[in-house]
Amino acid sequence: MDIQKLTIKSAKRALESKEFSCVDLVSAVFERIREHDGNVKAFLTLCESEAMREAEQVDAKISRNESLRVLEGIPIAVKDVIATKGVRTTAASKILEQYIPPYDATIVRKLKDAGAIIIGKTNCDEFAHGASTENSAFGPSHNPWDLSRSPGGSSGGSAAALSAGFCIAALGTDTGGSTRQPGGWCNLYGLRPTYGRISRYGLISMTSSTDTPGIFAKTAEDTALLLSVLAGQDKMDATTLPAKMDDYASHLERSLKGIKIGLPKEFFEHTEDPESAEVISQAIAKLEELGAQIKHVSLPHTKYGVSVYYIITPSEVSSNLGRFDGIRYGHRSQDASNLFETYTKTRGQNFGSESKRRIMLGTYALSSGYYDAYYKKAQKVRTVITKEVEKVLNDVDLLITPVSPHVAIKLGEKNDDPLAMYLEDIYMSTAALSGVPGLSIPAGFAHNMPVGLQIMGKQLDEASVLSVAHQYEKATDWTEKFPLL
Ligand code: GLN
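Since we're looking at a predicted model, the values are computed, not measured.

Basis of the calculations
- Residues numbered from 1 in each chain as written.
- Predicted model: local features only at pLDDT ≥ 70, side-chain atom pairs only at ≥ 80, totals over all residues.
- Heavy atoms only, no water.
- Phe/Tyr/Trp six-rings, centres within 6.5 Å; stacked < 30°, edge-to-face > 60°.
- Helix = DSSP H or I, 4+ residues; strand = E, 2+ residues; numbered from the N terminus.
- Buried < 20%, exposed > 50% of the residue type's maximum accessible area, 1.4 Å probe, protein only.
- Patch = residues over 30% accessible without salt bridge, like charges linked within 9 Å, V, L, I, M, F, W, Y side chains within 5 Å.
- Areas by Shrake-Rupley, 256 points an atom, 1.4 Å probe, with all protein chains shown as cover.
- Salt bridge = Lys/Arg side-chain N within 4 Å of Asp/Glu carboxyl O.
- Core = buried A, V, L, I, M, F, W, Y, C linked by side-chain atoms within 4.5 Å.
- Contact = heavy atoms within 4.5 Å.
- 1 Å grid on protein atoms, 1.4 Å probe; cavity = no way out; pocket = protein on both sides within 12 Å on 5 of 7 lines; lining within 4 Å.
- Points joined across faces, edges and corners; volume = space filled by probe spheres on them.
- Nonpolar A, V, L, I, M, F, W, Y, C, P; charged D, E, K, R; others polar.
- Near = heavy atom within 4 Å.
- Polar contact = N/O pair within 3.5 Å; in protein donor to acceptor, adjacent residues only side chain to side chain.
- Expected span 1.5 Å × (residues − 1).
- Arc of directions from axis to C-beta.

Section: the packing of aromatic side chains
What describes a pair of aromatic rings is the distance from one ring centre to the other and the angle between the planes of the rings.
Right, on to step 1. Taken as a whole, this structure holds 15 aromatic pairs when the rule is applied.
Right, on to step 2. Relative to F324, the ring of F127 lies with its centre 5.1 Å away and its plane at 45 degrees, an arrangement referred to as tilted. Of this pair, F127 sits in the loop between β3 (117–122) and α5 (156–164) while F324 sits in the loop between α9 (305–320) and α10 (339–350), placing them 197 residues apart in sequence.
Right, on to step 3. F127 sits in the buried class, given a relative accessible area of 1%.
Right, on to step 4. A relative accessible area of 4% places F324 in the buried class.
Right, on to step 5. Ring geometry for Y310 against Y422: centres 3.9 Å apart, planes inclined by 15 degrees, an arrangement best described as stacked. Residue Y310 is found in helix α9, and its partner Y422 is found in helix α13 (residues 418–423); the two are separated by 112 residues along the sequence. Per residue, the accessibility class of Y310 equals that of Y422, and both read buried.

Listed below in structure tokens is the structure:
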């Protein structure tokens, strides 16, 4: 069996037809991890014995000819900012190095209810702050396409694990690009759903007003399947939407004929890498060939997206990370002699520099005297951006943009320049701030590295986003390419 090539659909079929057993599949996954994760560094924690036990139960079910649940026996990796009951969940931070949640995030519970086998917790930037995994307290992950490069971030460990063949699908989170950008850099589908479509209960909060769970998969079909499993209103998250659920898979065969696709000119103006830009042009030409109508549109406030995001994010981060004080949560500093020192030493010793930077910037932006000038103003511009996106999406069905101005960066290339790292989110902040769904899809290669195309849709219209992705996938062969480790 070639795990890199297995999709949820093909693995499920193989299990059901007894082509291989679930124990074979899960053993092969851990063998591959043992062989290659020393170089890729996708995982922070593995759940091997539990996973093997579950695989045996799946095999027992198969031998009794019982039918399998939708994800039964499918090995899935989970980003380490997502709470897993009884399994260490660190947020890639020293402050939570020993934290074992007493409960499952809603999305983890849903995976388990669907029969998935969780094989481990993946590396990411500390508290998901970053775009390369280099802010992890436990060292960066490496891109399986070129180990000297970043797999993207913050959910880089999940993307690296899936592309390396250490699992068949993976969960990430997307606050400002963290599923879409690593998806683009690793030749995977990376879905950020509409804000509120999937429950955030059990995610370690970063920017509560833009955080969403994210899905990594190898095909549009697998992405649709996972979305159907994970989406829906949740009484544990008051921001989840009551909207009725789509049967996403049933829309995949919709033709592109007559679909109106907008190209927002602001996303195509600064071509940093002509080779990547050429890949994107060819992908757009292919969509046109498949029947889509291409329209040129404008989102003039795009240029403020990164600035607005980097006021709102640190502000919410400064508030959300307040609970990690050694008393309520977090590894308590042992050399404090009073309460004040317990706070300062716990936080001083255990947060990494990017988390500290965000706490300080956010505290400043929220402080009296500056609140109106920074936070309130950023919220106003956010509203303008949201309205602008809604308006353009009244004229077209979908928007298409690049995922990133270039292919995956080299590890170390930008990490000591926080502003350069923030600018990595240039094409990501629009969907994050406005709450619309965004999907990165494999669109080709430049410099022998994957290039992703982003499809953004109307609120709750993941079905159209996924159908365009699926039609494009059928007309190309990018998803059949895998990195040789
Ligand atoms: N790169 C962005 C940041 O550092 C997005 C991170 C994310 O989506 N978690 O904030």
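Observations concerning a nonpolar patch on the surface
Right, on to step 1. Taken together, the side chains of I327, L339 and Y343 define a hydrophobic patch exposed on the protein surface, amounting to about 270 Å² of accessible area.
Right, on to step 2. Structurally, Y343 can be placed in helix α10.

Side note on the nonpolar core
Right, on to step 1. Ranked by internal contacts, the top residues of the largest apolar core, which has 141 residues, are L71, I82, L111, I119, F127, L226 and L287.
Right, on to step 2. For this core, the element with the most residues is helix α2 (residues 22–40), which contributes eight residues.
Right, on to step 3. Filtering out sequence-adjacent residues up to four positions away, L287 remains in contact with L256, I261, A292, I400, L453, V468 and Y472.

Remarks on the layout of surface pockets
Right, on to step 1. There is about 310 Å³ of room inside the largest pocket.
Right, on to step 2. Considering the residues around the largest pocket, the lining is formed by 16 residues, among which Y103, L203, I204, S205 and R323 are closest to the centre.
Right, on to step 3. When grouped by side-chain class, the residues that make up the lining of the largest pocket number ten nonpolar, two polar and four charged.
Right, on to step 4. Those elements that place two or more of their residues in the lining of the second largest pocket are α11 (353–366) and α13.
Right, on to step 5. Take the lining of the second largest pocket: its biggest share by element is four residues, from α11.
Right, on to step 6. Its residues placed into classes, the lining of the second largest pocket shows six nonpolar, seven polar and eight charged.

Quick word on the site of the ligand
Right, on to step 1. By nearness alone, 15 residues border the ligand, and G130, G176, S178, Y309 and R358 come closest of all.
Right, on to step 2. Separating an oxygen atom of the ligand from a backbone N or O atom of G177 is a distance of 3.4 Å.
Right, on to step 3. A distance of 3.2 Å separates an oxygen atom of the ligand from a polar side-chain atom of Y310.
Right, on to step 4. Contact with the protein chains covers 99% of the free accessible surface of the ligand, which is 300 Å².
Right, on to step 5. Residue composition of the shell around the ligand, grouped by class: five nonpolar, seven polar and three charged.

Concerning helix α7 (residues 220–230)
Right, on to step 1. For α7, the buried fraction is high: eight of the eleven residues fall into the buried class.
Right, on to step 2. Of the residues making up α7, those classed as buried are A220, D222, T223, A224, L226, L227, V229 and L230.
Right, on to step 3. At the exit of α7 stands G232, carrying a positive phi of roughly 130 degrees.

Some remarks on helix α8 (residues 274–289)
Right, on to step 1. In this model, α8 (16 residues) spans 22 Å end to end at C-alpha, consistent with the 22 Å of a helix rising 1.5 Å per residue.
Right, on to step 2. If you check which residues of α8 are buried, you get S276, V279, I280, A283, I284 and L287. The arc that holds every buried residue of α8, seen down its axis, measures 135 degrees, which confines them to one face. When the buried face of α8 is taken as reference, the exposed residues oriented beyond 90 degrees from it are P274 and E289.
Right, on to step 3. Structurally, α8 contributes buried residues whose contacts are with β7 (260–264), β8 (293–297), β9 (398–402), β10 (438–446), β11 (449–457) and α15 (462–475).
Right, on to step 4. Once α8 finishes, G291 follows within two positions and takes phi at roughly 115 degrees, a positive value.

Focus: unusual backbone geometry
Right, on to step 1. Of the consecutive residues G153 and S154, the connecting peptide bond is found in the cis state with omega at 5 degrees.
Right, on to step 2. Examined against the element boundaries, S154 turns out to sit in the loop between β3 and α5.
Right, on to step 3. Even without a glycine there, the phi angle at T133 is positive, about 70 degrees.

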